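# Coordinates in review
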Amino acid sequence: MTRLDTRGVPQGPIPARAGIGLRSVHHEAVLTDRPAVGFLEAHTENYFHEGGAAVRALLRARTNYPLSLHGVGLGLGSADGIDREHLRRVKNAIARFEPALVSEHACWGHAGGEHFNDLLPLPYTEEAVEVLARQVGEAQDFLGLQLLIENVSAYVAFEHSRLKEWEFLCAVAEHSGCALLLDVNNIYVSSQNLGLDPVEFIDSLPVTSVREIHLAGHARNGAVLIDDHGSQVCEAVWQLYRHAIARFGPLPTLVEWDNNIPALETLVGEARRAERILGEAHGLAA
Amino acid sequence: MASLREMQHAFAAALRDPAASCPVLPTANLAVYPNHSTITFREALEQTFPVVRRRVGDDYFRQLSAHYRQRFPSRSGDLHWVGRDFAGFLDEYLAGGEYQWLADLARIEWARAESSITAEVSSLGVDGLAGYAPEALEHMVFGLQPSLRLVASAYPVYTVWLTNQAENAPPVDQSGGHEQGMIRARHDLIEVRKLDSAAFAFVSGLDSGATLGDAMTTASLEARTLTGLLGFLFSEGLVCSLTLRE
């Protein structure tokens, strides 16, 4: 149950409800309409700065909703190391916005000083487990909290990979002490692109390892599925979601929409659908 | 077996040059990644420089973005900083041509981007001067809003910026001469305002830490215009602190 602190700001764990990804085009509508969603999730990097309209909007929204901060730029699997300045900014954002969850991706993002501003795929090797787990551990120590690490969409697989993706994620969680954020759409996209079985992926993860679920839409470009977060969640992903919460229990579930962003009510409608599924599976009030 | 670092550097080479090889399957799908990072970079630039994009059109902006990225790749996981060197790049890229003024237009847009992430500080009213003797005024140093940016150009770029707030605005006559002005954040909005050259020189002097007396001298400001300018600075909430320099 979400509780309010002495200022009336929601604190405590994020409830097992559906939330929405907060994007700047919806700042105004979220503040005015106060949609009945369980929580908000914001991209950490969009609120890195000392001031400005975006920071003020999130501070205001934070007084009404529990918050999850979701990083897209740290790339903790980068073999060149952690960008310390970026990590320091994440810590500042945590101090300012007091999120209940903080997540990053199982990916890399920079090499030779250049950042590619993308969630780039890792080879599933023992060395990559070691590098990602060590850097997740260092980040957790510096930030003073447990991170959730999310599986990314993949379009290619490294020839060097020796582990299945879920074995890789479990090993990283075991060695670093992080939890997992399971993106069901990413599992579906990667499975379709690389000829894998998404149900086997879900069934192979330990029941207690997952703390949050992501849902989003994807696009098709010829034979390739592109994780563009630009449309509604597709039926196949809703089916996988049912399967996932049957296995992992009721979990905070986020609907992301980053391109061709619709009116807020459409996004909230997707979150309602996730809440109905949570309710049906676990007898929760939707 | 290649190390993780070697694999990532090989992947990075393939992101920069689609002809470079990388040990991944299916090979045909590798192109998704360079496409994505090219588009992400360009969209971040477009978001910061919408008026430059409007003036040059999508095709030329795409070309500018690609050449700029070769010279100034992203150095941060925070895309906000992608445009930091764009105006300087345009100075060189467009040197000697008829579109040199685009660099100064980009300076206005970068100033807006910087202002938009700078915290606003509480400001002083003109009564903040009340406790000081009149003869002390010339030794006064003004702390101005941290979001204030001052941009001067040999071209009428403020007029270009203002007339291009909508798509398909007509071209602006570039023989209109130099313009200068200020950019600042106020109540979550970013203001862009033209200043006359004396006011610009005076505010620039104050902003760089000169005393009121020195800023007036540098700007060749006549004493009779001082009252109006000080009134403007205070009423606009631009003055955040006052200190006397001994």
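Our subject is the structure listed above.
In what follows, the accompanying structure is described.

So, how was this worked out
- Residues numbered from 1 in each chain as written.
- Chains lettered and ligands numbered in written order.
- Predicted model: local features only at pLDDT ≥ 70, side-chain atom pairs only at ≥ 80, totals over all residues.
- Heavy atoms only, no water.
- Helix = DSSP H or I, 4+ residues; strand = E, 2+ residues; numbered from the N terminus.
- Buried < 20%, exposed > 50% of the residue type's maximum accessible area, 1.4 Å probe, protein only.
- Contact = heavy atoms within 4.5 Å.
- Buried area = accessible area lost by both parts, 1.4 Å probe.
- Salt bridge = Lys/Arg side-chain N within 4 Å of Asp/Glu carboxyl O.
- 1 Å grid on protein atoms, 1.4 Å probe; cavity = no way out; pocket = protein on both sides within 12 Å on 5 of 7 lines; lining within 4 Å.
- Points joined across faces, edges and corners; volume = space filled by probe spheres on them.
- Nonpolar A, V, L, I, M, F, W, Y, C, P; charged D, E, K, R; others polar.
- Core = buried A, V, L, I, M, F, W, Y, C linked by side-chain atoms within 4.5 Å.
- Phe/Tyr/Trp six-rings, centres within 6.5 Å; stacked < 30°, edge-to-face > 60°.
- Pairing = 2+ DSSP bridges.
- Axes fitted to C-alpha atoms, helices over the stretch in contact; angles between N-to-C directions.
- Parallel < 35°, antiparallel > 145°, perpendicular 65-115°, else oblique.
- Left-handed = near helix turned anticlockwise from the far one by under 90°.
- Expected span 1.5 Å × (residues − 1).

## Section: unusual backbone geometry
Of note, the amide linkage connecting B:Leu25 to B:Pro26 takes the cis form, showing an omega dihedral of -15°. Take B:Pro26: it is sitting in the loop between strand E1 (24–25) and helix H2 (32–48). You will see that A:His229, though not glycine, has its phi angle at about 50°, which is positive. Along the chain, the position of A:His229 falls in the loop between strand E14 (224–226) and helix H8 (235–248). Judged by relative accessible area, which is 11%, A:His229 ranks as buried.

## Notes on the interface of chain A and chain B
Across the contact, 45 residues belong to chain A and 40 residues belong to chain B. Summed over both sides, the interface between chain A and chain B buries roughly 3,700 Å², with carbon and sulfur atoms accounting for 59% of that surface. Across the contact surface, chain A and chain B share four salt bridges. For B:Asp188, the salt bridge identified is with A:Arg56, shortest N-O distance 3.1 Å. At the level of elements, helix H2 (53–62), strand E7 (108–111), strand E8 (114–120), helix H4 (126–143), strand E10 (157–158), helix H6 (184–194) and E14 of chain A are the ones that each hand at least two residues to the side of chain A that touches chain B. The greatest single-element share of the side of chain A that touches chain B, amounting to seven residues, is contributed by E8(A).

## Considerations on the layout of surface pockets
Residue and element names in this part refer to chain B. Each pocket or cavity is described by its volume, and for the second largest pocket that value is around 320 Å³. Lining the second largest pocket are 15 residues, and of these Leu 15, Arg 16, Thr 38, Arg 69 and Gln 70 sit closest to its centre. Residue assignment for the lining of the second largest pocket shows that the elements contributing at least two residues are helix H1 (4–16), H2 and helix H3 (50–71). Taken together, the residues that form the lining of the second largest pocket break down as six nonpolar, four polar and five charged.

## Some words on the nonpolar core
Counting residues in hydrophobic clusters, the biggest one holds 98 residues, and the most contacted among them are A:Ile20, A:Leu40, A:Phe168, A:Leu205, A:Tyr241, B:Phe11 and B:Tyr33. When residues in this core are grouped by element, the largest group, eight residues, is from H4(A). Not counting the four nearest positions on each side in its chain, A:Phe168 is found in contact with A:Leu122, A:Pro123, A:Tyr124, A:Thr125, A:Ala128, A:Val129, A:Leu132 and A:Leu163. Residues B:Phe41, B:Leu45, B:Ala111 and B:Trp161 belong to the second largest nonpolar core, which totals 34 residues.

## Brief notes about the packing of aromatic side chains
Inspection of the entire model under this criterion finds 20 aromatic pairs over all chains. Arranged with centres 6.2 Å apart and planes meeting at 80°, the rings of A:Tyr47 and A:Phe97 form a pair that is edge-to-face. With A:Tyr47 in the loop between strand E4 (40–43) and H2 and A:Phe97 in helix H3 (residues 84–97), this pair connects stretches of sequence that are 50 residues apart. On the accessibility criterion, A:Phe97 (0% relative accessible area) is buried. Between B:Phe86 and B:Phe89 the ring centres are 6.3 Å apart and the planes differ by 15°, which places this aromatic pair in the stacked class. Of this pair, B:Phe86 and B:Phe89 both sit in helix H4 (residues 86–93), three residues apart, which is roughly one turn of that helix. B:Phe86 gets classed as buried once you look at its relative accessible area, which sits at 0%.

## Some details on the pairing of strand E12 (residues 210–215) of chain A
Residue and element names in this part refer to chain A. The buried fraction of E12 is high, at five of six residues. As judged from the four bridges shared by strand E11 (residues 179–183) and E12, these two strands associate in the parallel manner. Along E12, the bridge assignment pairs Leu 180 with Val 210. Note that E12 and strand E15 (residues 253–255) share three bridges and pair parallel. Bridge pairing links Ile 213 to Thr 253 in E15.

## Details of the sheet that holds strand E3 (residues 149–153) of chain B
Residue and element names in this part refer to chain B. Taken in spatial order, the three strands line up as E3-E4-E5 in an open sheet, and their pairing is antiparallel. The open sheet has two free edges, formed respectively by E3 and strand E5 (189–195), since each of these has just one partner strand. Strand-to-strand twist in this sheet, taken as the mean axis angle between neighbours without regard to direction, amounts to 20°. For strand E4 (residues 179–186) and E5, the ladder comprises seven bridges, and the chain directions are antiparallel.

## Details of the packing of H4(A) against helix H5 (residues 165–176) of chain A
All names here are of chain A. Look at H4 against H5: their axes get within 8 Å of each other, and the N-to-C directions meet at 40°. It follows that H4 is oblique to H5 by the angle criterion. Crossing hand, H4 versus H5: right-handed. Residues Ala 128, Val 129, Leu 132, Ala 133, Val 136, Gly 137 and Gln 140 of H4 form the contact with H5, whose own contacting residues are Phe 168, Ala 171, Val 172, His 175 and Ser 176. Grouping the constituent residues of the contact of H4 with H5 by class yields eight nonpolar, four polar and no charged.

## Digging into helix H9 (residues 264–282) of chain A
Residues and elements named next belong to chain A. Across its 19 residues, H9 extends 27 Å between first and last C-alpha, which sits within 8% of the 27 Å expected from 1.5 Å per residue. Within H9, burial applies to Leu 264, Leu 267, Val 268, Glu 270, Ala 271, Ala 274, Glu 275, Ile 277, Leu 278 and Gly 279. In this structure, the buried residues of H9 make contact with strand E3 (18–21), helix H1 (27–33), E12, H8 and E15. Remark: Gly 283 follows H9 within two positions and exhibits a positive phi of approximately 65°.

These figures come from the coordinates and say nothing about function on their own.
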